[in-house]
Amino acid sequence: AEPGVHFYTGAAGNWVAGSAAVVPGTQNVVVVETSLAAYVPFLMWGIVVWAIALAFTAIIGELLIRLILRTVMRPLKALREGARAVGEGDYAYRVRQPANTNLELAELSRAFNAMTAQLQANKRQIDAYTNEVESIVDLRARELSRKALQLEVAAEVSSKIATILKPQELIT
């Protein structure tokens, strides 16, 4: 057999951990066997230690996951709410992030706020242009209305003059 520890049924019929080695300079073999029952308390202690370590690792992992989710999801939720508000036309909405927000999300929030500020400025400019165009159209409409009234009056006066002077009498 190969050197090392082997598990087998011992001479007494129970499971043992054993090892055999040749005594140097002789033909004698030394066999050492230990009943597996002797290892049970040590194995149980190892299992308990591993179970505690696993439970501790799971609890720490859960806490870390919650922390990471909180630090990532809260800023993303704020950005999602901002996108919804801007989509509904609220260009004054600004995303507020806590100081402990990670760098990338803080930068994304600043970019979002800059974008909404630009949208708000563009909306104000469009509203100003719209008001200006509406006032110009209103002014032109009043001018056209006044000129149409002048044309109506001129046409009526022309018609009255034509009936008064009777063109036949002018020729003769």
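Just so we're clear, the structure is a prediction, and the values are computed from it rather than from any experiment. (Residues numbered from 1 in each chain as written. Predicted model: local features only at pLDDT ≥ 70, side-chain atom pairs only at ≥ 80, totals over all residues. Heavy atoms only, no water.)

Attention now moves to the pairing of strand 1 (residues 6-9). Note: strand 1 against strand 2 (residues 15-22), four bridges, orientation antiparallel. Directly across from phenylalanine 7, in strand 2, lies its bridge partner alanine 17. Hairpin geometry of strand 1 and strand 2 is characterised by an intervening segment of five residues between the two adjacent antiparallel strands and by a positive phi of about 90° at glycine 13. (Pairing = 2+ DSSP bridges. Helix = DSSP H or I, 4+ residues; strand = E, 2+ residues; numbered from the N terminus.)

Once that is clear, we can look at the nonpolar core. Ala78, Leu79, Val86, Val95 and Phe112 form the largest nonpolar core, which has five residues in total. Considering each element in turn, this core owes the most residues, three residues, to helix 1 (residues 40-87). Discounting chain neighbours no more than four positions away, the residues touching valine 86 are Tyr91, Phe112, Thr116 and Leu119. (Core = buried A, V, L, I, M, F, W, Y, C linked by side-chain atoms within 4.5 Å. Buried < 20%, exposed > 50% of the residue type's maximum accessible area, 1.4 Å probe, protein only. Contact = heavy atoms within 4.5 Å.)

Before going further, it helps to examine helix 1. Counted at 1.5 Å a residue, the expected span for helix 1 with its 48 residues is 70 Å, and the 67 Å between its end C-alpha atoms agrees. Buried residues of helix 1: Gly46, Pro75, Ala78, Leu79, Gly82, Ala85 and Val86, and no others. After helix 1 finishes, the residue glycine 89 shows a positive phi value of roughly 100°. (Expected span 1.5 Å × (residues − 1).)

A few words on the pattern of salt bridges. Applying the stated criterion across every chain, the model contains four salt bridges. With a closest N to O distance of 3.0 Å, aspartate 127 and lysine 123 form a salt bridge. Taken together, the residues aspartate 127 and lysine 123, both in helix 2 (residues 103-165) and four residues apart, mark about one turn of the helix. In this structure lysine 123 comes out as partly exposed when scored by relative accessible area, which is 38%. Note that glutamate 143 is salt-bridged to arginine 140, the shortest N-O span being 3.7 Å. With a gap of three residues between them, glutamate 143 and arginine 140 both fall in helix 2, about one helical turn apart. (Salt bridge = Lys/Arg side-chain N within 4 Å of Asp/Glu carboxyl O.)

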